[in-house]
Amino acid sequence: MNGVHMEKLDLNLLRVFDAVHRTRNVSRAAEALGLTQPAVSHGLTRLRLALGDALFTRVAGGVAPTPRAERLAPAVRAALATLDEAVAEPERFDPVRSRKTFRIHMSDIGEGRFLPPLMQHLRALAPGVRLETLPLRPQDIAAALDEGRVDLAFGFLPKVKDTRHQHLLQDRYIVLVRAGHPFAQRALRGKALLAALQGLDFVAVRSHADTLRILQLMELEDRVRLVTEHFMVLPAIVRETDLAVVMPRNIARSFGEGAGFAIVEPDFPLRDFGVALHWSRRFEDDAPNRWLRGEIVRLFGEDTGLPA
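Residues numbered from 1 in each chain as written. Predicted model: local features only at pLDDT ≥ 70, side-chain atom pairs only at ≥ 80, totals over all residues. Heavy atoms only, no water.

**Q** Sorry, what's going on with the overall build of the chain here?
**A** A tally of regular secondary structure across the chain gives twelve helices and eleven strands. Here the C-alpha atoms of the chain give a radius of gyration of 31 Å, more than 25% beyond the 19 Å that 2.2 N^0.38 yields for 308 residues. In terms of overall dimensions, the chain has C-alpha extents of about 100 × 35 × 35 Å along its principal axes. Taking contacts inside the chain between residues at least 6 apart in sequence as the whole, the part at least 24 apart equals 71%. Accessible surface, the chain: about 16,800 Å² in total, of which carbon and sulfur atoms supply 51%. Across the chain, 42 positive and 38 negative side-chain charges occur, with their mean positions spaced 4 Å apart. (Helix = DSSP H or I, 4+ residues; strand = E, 2+ residues; numbered from the N terminus. Rg over C-alpha atoms; globule rule 2.2 N^0.38 Å. Contact = heavy atoms within 4.5 Å. Areas by Shrake-Rupley, 256 points an atom, 1.4 Å probe, with all protein chains shown as cover. Lys, Arg positive; Asp, Glu negative; His and termini not counted. Charge placed at Lys NZ, Arg CZ, Asp CG, Glu CD.)

Now the structure itself:
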């Protein structure tokens, strides 16, 4: 459309052009568009003046496109299809054909527990979809969701406010030690079990503040002998030493009960917590976001309650 001022063209004129080009008949184009024949003829006149070309000439039984119209038709059709797809996107999402990349806030411990079953699930339903995890500081998560830098946030996130969220599952912090550890062999309960924690040496994970907080509340900071950055190094450390670790029960179970570990469940402070899925209110009705939320809830959710 060289030399043509685009402000002279509007979407309705392009739809008129496309309909006439497809049907090769002004009357049938008007019927397809739900317009009167004079309205379609008027639209063609405006297009002819704007483009400086006849566009269509009369032939027996209808009209035939000029060479200029034939060159324009594929571009107009592609532009209309792209616009229609963009407008319709909130109403549908085809996971089988999608090549979308979803970005999810998830800690290293969450990656180890939830990514394997999630990826297996998505491979069957959406083989072209990609996931990227993007760990963020709790204070940055809500803004990242609103800005679209991440699509979802997954985990125990009590400091994340002003988001939509769906409870997924309930968990609790436990003490994990190696199988055969003397602490695991003692049949202790209640206060006696809590008191026995004072005799343990611990490994702590720097990036998980809640486990550190529990150790502080139990006045066990002086019993920490190793501080590491990530949870996923813990299986090898716990299995080969007498160090204990405070960690979520679901994650500990994923290491494999009976595979060299023992789980002890003291009734210490802050032990119970919930894992939730968070997203931005801005993307509440976004079709891809809504689809992935639904699959995560179906895969990991313990209930089907409405999101908060």
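**Q** In this structure, what is going on with a nonpolar patch on the surface? I would like to understand it.
**A** Nonpolar side chains collect at one region of the surface, where Leu11, Leu83 and Val87 lie side by side and expose about 250 Å² of accessible area between them. You can see Leu11 is positioned in helix 1 (residues 11-23). Owing to a relative accessible area of 36%, Leu11 belongs among the partly exposed residues under this scheme. (Patch = residues over 30% accessible without salt bridge, like charges linked within 9 Å, V, L, I, M, F, W, Y side chains within 5 Å. Salt bridge = Lys/Arg side-chain N within 4 Å of Asp/Glu carboxyl O. Buried < 20%, exposed > 50% of the residue type's maximum accessible area, 1.4 Å probe, protein only.)

**Q** When you look at the side chain of Thr66 in this model, what are you seeing that I'm missing?
**A** Along the chain, the position of Thr66 falls in the loop between strand 2 (62-65) and helix 4 (67-88). Dropping the residues within four chain positions of it, Thr66 is found in contact with Asp53, Ala54, Leu55, Phe56 and Thr57.

**Q** Help me out: how do you make sense of the nonpolar core in this one?
**A** Within soluble globular proteins, side chains that are nonpolar generally end up buried alongside one another. Among the nonpolar cores identified, the biggest contains 42 residues, and Phe154, Val175, Phe183, Leu292 and Ile296 are the most heavily contacted of them. Look past the residues within four positions of Val175 in its chain and what remains in contact with it is Phe183, Leu197, Leu200, Ala244, Val245, Val246, Ala262, Ile263, Val264, Pro266 and Phe268. With 21 residues, the next largest nonpolar core counts Ala30, Leu47, Leu55 and Leu72 among its residues. (Core = buried A, V, L, I, M, F, W, Y, C linked by side-chain atoms within 4.5 Å.)

**Q** Would you mind showing me how to read the packing of aromatic side chains here?
**A** A ring pair, where both rings are aromatic, is described by two values, the distance of the centres and the angle of the planes. Within this structure, the stated rule accounts for nine aromatic pairs. Each ring, one from Phe17 and one from Phe56, has its centre 5.6 Å from the other, and the planes form 50 degrees; the classification is tilted. Taken together, the positions of Phe17 in helix 1 and Phe56 in strand 1 (residues 56-59) put the pair 39 residues apart, joining distant regions of the chain. Of the two residues, Phe17 and Phe56, both sit in the buried class. When the centroid spacing of 6.4 Å and the interplanar angle of 80 degrees are considered together, the rings of Phe93 and Phe102 count as edge-to-face. Aromatic ring contacts, followed pair by pair, group Phe93, Phe102 and Trp291 into a single cluster. The ring of Phe102 has Lys100 sitting right over it, with the charged end atom 5.3 Å from the ring centre. (Phe/Tyr/Trp six-rings, centres within 6.5 Å; stacked < 30°, edge-to-face > 60°. Lys NZ or Arg CZ within 6 Å of the ring centre and 35° of its normal.)

**Q** What's the story with helix 3 (residues 37-51) in this structure? I'm lost.
**A** Spacing of three or four residues puts side chains on the same side of an α-helix, whose turn is 3.6 residues. Its 15 residues give helix 3 an end-to-end C-alpha distance of 21 Å, which sits within 8% of 21 Å, the value for a rise of 1.5 Å per residue. Remark: Gly52 follows helix 3 within two positions and exhibits a positive phi of approximately 65 degrees. (Expected span 1.5 Å × (residues − 1).)

**Q** Please explain the packing of helix 5 (residues 108-125) against helix 12 (residues 287-300) as it appears in this structure.
**A** For any two helices packed against each other, the geometry comes down to the angle between their axes and how far apart the axes lie. At a minimum axis distance of 11 Å, the contact between helix 5 and helix 12 shows a crossing angle of 120 degrees. On the basis of the axis angle, helix 5 is oblique to helix 12. The interaxial crossing formed by helix 5 with helix 12 has right-handed handedness. Seen from helix 5, the contacting residues are Arg113, Phe114, Pro117, Leu118, His121, Leu122 and Leu125; seen from helix 12, they are Trp291, Leu292, Glu295, Ile296, Leu299 and Phe300. Counted by class, the contact of helix 5 with helix 12 contains ten nonpolar, one polar and two charged residues. (Axes fitted to C-alpha atoms, helices over the stretch in contact; angles between N-to-C directions. Parallel < 35°, antiparallel > 145°, perpendicular 65-115°, else oblique. Left-handed = near helix turned anticlockwise from the far one by under 90°. Nonpolar A, V, L, I, M, F, W, Y, C, P; charged D, E, K, R; others polar.)

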